[in-house]
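The lines below spell out each chain.
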Amino acid sequence: MPPAAKRVPWQWLVAGRASRRLVLVVVFVALLLDNMLLTVVVPIVPTFLYTTEYEGTNSSVAPAQTEPASPALKAPPFSSMFSYFDNSTVTVSGSMIAVDLANGTESSHLPQPLASSPPLPSGCPEGKEFLAKENIRVGLLFASKALVQLVINPSVGLLTNRIGYHIPMFIGFIIMFLSTVMFAFSGTYTLLFIARALQGIGSSFSSVAGLGMLASVYTDDFERGNAMGIALGGLALGVLIGAPFGSVMYAFVGKSSPFLVLAFLALLDGALQLCILQPSKISPESTKGTPVFTLLRDPYILVAAGALCFSNMGVAMLEPTLPIWMMQTMCSPKWQLGMAFLPASISYLIGTNLFGILANKMGRWLCSLIGMAVVGISLLCVPLAKNIYGLIGPNSGLGFAIGMVDSSMMPIMGYLVDLRHTSVYGNVYAIADVAFCMGFAIGPSTGGAIVRAIGFPWLMIIIGVINIAYAPLCWYLRNPPAKEEKIAILSQECPMQTKSYTTQKTLRDFPLTDDSDVEAENAE
């Protein structure tokens, strides 16, 4: 083989490592797999726990007791029945029913299938009390990922400042792969809980390092907004595919199948990271970043973080409670439990890509304000649905509005750091991820308890009103002031453009184009 032919792959790798677009592809794929695993369990866990714990427990008791009662059960309706049992108890469809008959007397009625409730429509699950309790257990399981991520995020932000973004990104892939395999072979609630918590650790490394890497590569505010919109499109696509993919695979193939497919895709993502990111090389930031606690004292960053938290808390509350509510009120089959989230996922994918560009023109603060208001209105409409088709409108509006908020707030976080602090992004995107995780930790954990106490409709009213009430605070992000020292730096670097800026660190492998620091004139 000629030497020139051997050099072609290496030349491709060198060119790839210098390309910002391939870095965007790596982050896109990482967020895609993370959020596929996040949502693929949504339709699986409630039905899996119901099947293994409720039906499994009752079916083990039923065979021993239903056999002697078979002659009585075969009697036609409203016919007379002579019983040799005296105050005996028989089991029908897993429910214990008392049959009080006098010795040697006839009865003109049959025992009802359920002692104290009318017959359920075909396809409805039994055990309403079990389902009510399951709201809390499923909510805690879903929240465990976000709670762990909440704790780990600040440490990951500090780690990226010390060793760069590439090694934490690869660590996230390894942990995510282990979590996916554990999900595939877990058969109890405890093992599922551990796998979900382990996913939170991997997700923390992937999301903080990935978003920070994008912000460091795309230093121009307009380009960064577009790149964040594309990356969040990976998040949206993961949410889009996850729930329907999980429900269909679980219903027709088996519980392990969707997780094994995700594990294979995670291996491909790891190979891509090895080729593009060089995760063995330490590349610390040349400039010391602003401490996390200093950023947390910035009111503008707190407003942006609050918008991320409350807008995502709505869908986080829906994840554990909507499938169970559908099982109780709509008698939905397994495959519909995941399909209910499909309109929200499609509209989120459209919203993030559309407003990644439009938000910069119309004003990101206005885009976020409108988005939060629409989130609240959509949540208020969810309990009005009588079947799965009635959920299409509210869920579509919910996903589209959350896409508006996310695609606006993620670039704003980077812009606020450039404008008011040191242009090092690990810590600020750790805060953004903490806000996101607080929504997904508080939402499921409290949502299940609220549903059991006052019902699903009231849960939607509460979180809907919270989003509508918070929306006006986005007005404060309309024109945030810069710190005095940053104004002096910006005026020296870009005397004609008040909102153009360059980062204070050198980039390792990603040279910028000549016009990368030119800001759009009409950007707010």
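Residues numbered from 1 in each chain as written. Predicted model: local features only at pLDDT ≥ 70, side-chain atom pairs only at ≥ 80, totals over all residues. Heavy atoms only, no water.

Enquirer: Is there a simple way to think about the overall build of the protein chain in this case?
Expert: When its secondary structure is counted, the protein chain shows 18 helices and four strands. Here the protein chain, with 524 residues, has 55% of them falling under the buried criterion. In the protein chain, once contacts between residues fewer than 6 apart in sequence are set aside, the share between residues at least 24 apart is 84%. For the protein chain, the computed accessible surface area is about 22,100 Å², with 68% contributed by carbon and sulfur atoms. (Helix = DSSP H or I, 4+ residues; strand = E, 2+ residues; numbered from the N terminus. Buried < 20%, exposed > 50% of the residue type's maximum accessible area, 1.4 Å probe, protein only. Contact = heavy atoms within 4.5 Å. Areas by Shrake-Rupley, 256 points an atom, 1.4 Å probe, with all protein chains shown as cover.)

Enquirer: Teacher, can you tell me more about a nonpolar patch on the surface here?
Expert: There is a patch of nonpolar side chains on the surface, built from Ile377, Leu380, Ile454, Trp458, Ile461, Ile462, Val465, Ile466 and Ile468 and spanning about 740 Å² of accessible area. Breaking the nonpolar patch down by element, the ones donating at least two residues are helix H14 (364–381) and helix H17 (456–470). Tallying contributions element by element places H17 first for the nonpolar patch, with six residues. Note on placement: Ile461 falls in helix H17. (Patch = residues over 30% accessible without salt bridge, like charges linked within 9 Å, V, L, I, M, F, W, Y side chains within 5 Å. Salt bridge = Lys/Arg side-chain N within 4 Å of Asp/Glu carboxyl O.)

Enquirer: Hey, could you run me through the nonpolar core in this one?
Expert: Soluble globular proteins tend to pack their nonpolar side chains together in the buried interior. In this structure, Leu318, Leu322, Met326, Met409, Met413, Tyr429 and Leu477 are the most contacted members of the largest nonpolar core, which totals 108 residues. Broken down by element, this core gets its largest block of residues, 17 residues, from helix H11 (residues 299–329). What Tyr429 contacts, discounting residues up to four positions off in sequence, is Val208, Leu211, Gly212, Ala215, Arg224, Met228, Met410, Pro411, Met413 and Gly414. Val156, Ile175, Val208 and Ala430 belong to the second largest nonpolar core, which has five residues in total. (Core = buried A, V, L, I, M, F, W, Y, C linked by side-chain atoms within 4.5 Å.)

Enquirer: Sorry, what's going on with the packing of H14 against H17 here?
Expert: Each packed pair of helices is defined by two parameters, the angle between the axes and the distance between the axes. It is the contact of H14 with H17, at a shortest axis distance of 7 Å, that shows an interaxial angle of 165°. One finds that H14 runs roughly antiparallel with respect to H17. Helix-helix and strand crossings are classified by hand; for H14 and H17 the assignment is left-handed. Contact residues: Met372, Ala373, Val375, Gly376, Ile377, Leu379 and Leu380 in H14; Met460, Ile461, Ile463, Gly464, Asn467, Ile468 and Tyr470 in H17. For the contact of H14 with H17, a count of residues per class yields 11 nonpolar, three polar and no charged. (Axes fitted to C-alpha atoms, helices over the stretch in contact; angles between N-to-C directions. Parallel < 35°, antiparallel > 145°, perpendicular 65-115°, else oblique. Left-handed = near helix turned anticlockwise from the far one by under 90°. Nonpolar A, V, L, I, M, F, W, Y, C, P; charged D, E, K, R; others polar.)

Enquirer: Before we go on, may I ask you to explain the side chain of Ser408 in this structure?
Expert: For Ser408, the position within the fold is in helix H15 (residues 392–420). Judged by relative accessible area, Ser408 falls into the buried class, the value being 0%. From its side chain, Ser408 meets the backbone oxygen of Met404 in a polar contact 2.8 Å long. Dropping the residues within four chain positions of it, Ser408 is found in contact with Ala359, Arg364, Cys367 and Ser368. (Polar contact = N/O pair within 3.5 Å; in protein donor to acceptor, adjacent residues only side chain to side chain.)

Enquirer: Looking at this structure, I do not really get the pattern of salt bridges. What am I missing?
Expert: Pairing between side chains of opposite charge can happen when the charged atoms of each approach one another. Tallied over the entire structure, the rule returns one salt bridge. With a closest N to O distance of 2.8 Å, Arg420 and Asp298 form a salt bridge. A residue pair is termed long-range when its members are at least 10 positions apart, and Arg420 in helix H15 and Asp298 in the loop between helix H10 (292–296) and H11 qualify at 122 residues. By relative accessible area, which is 9% here, Arg420 ends up buried.

Enquirer: Can you walk me through the packing of H14 against H15 in this structure?
Expert: Contact pair H14 / H15: the axes reach a minimum separation of 8 Å and the direction vectors enclose 155°. In terms of orientation, H14 and H15 fall into the roughly antiparallel class. Crossing of H14 against H15: the hand is left-handed. Facing Arg364, Trp365, Cys367, Ser368, Ile370, Gly371, Met372, Val374, Val375, Ser378, Leu379 and Cys381 of H14, the residues of H15 in contact are Pro394, Gly397, Leu398, Ala401, Ile402, Met404, Val405, Ser408, Met409, Pro411 and Ile412. For the contact of H14 with H15, the residue count by class is 17 nonpolar, five polar and one charged.

Purely geometric stuff here, so don't read any function into it on its own.
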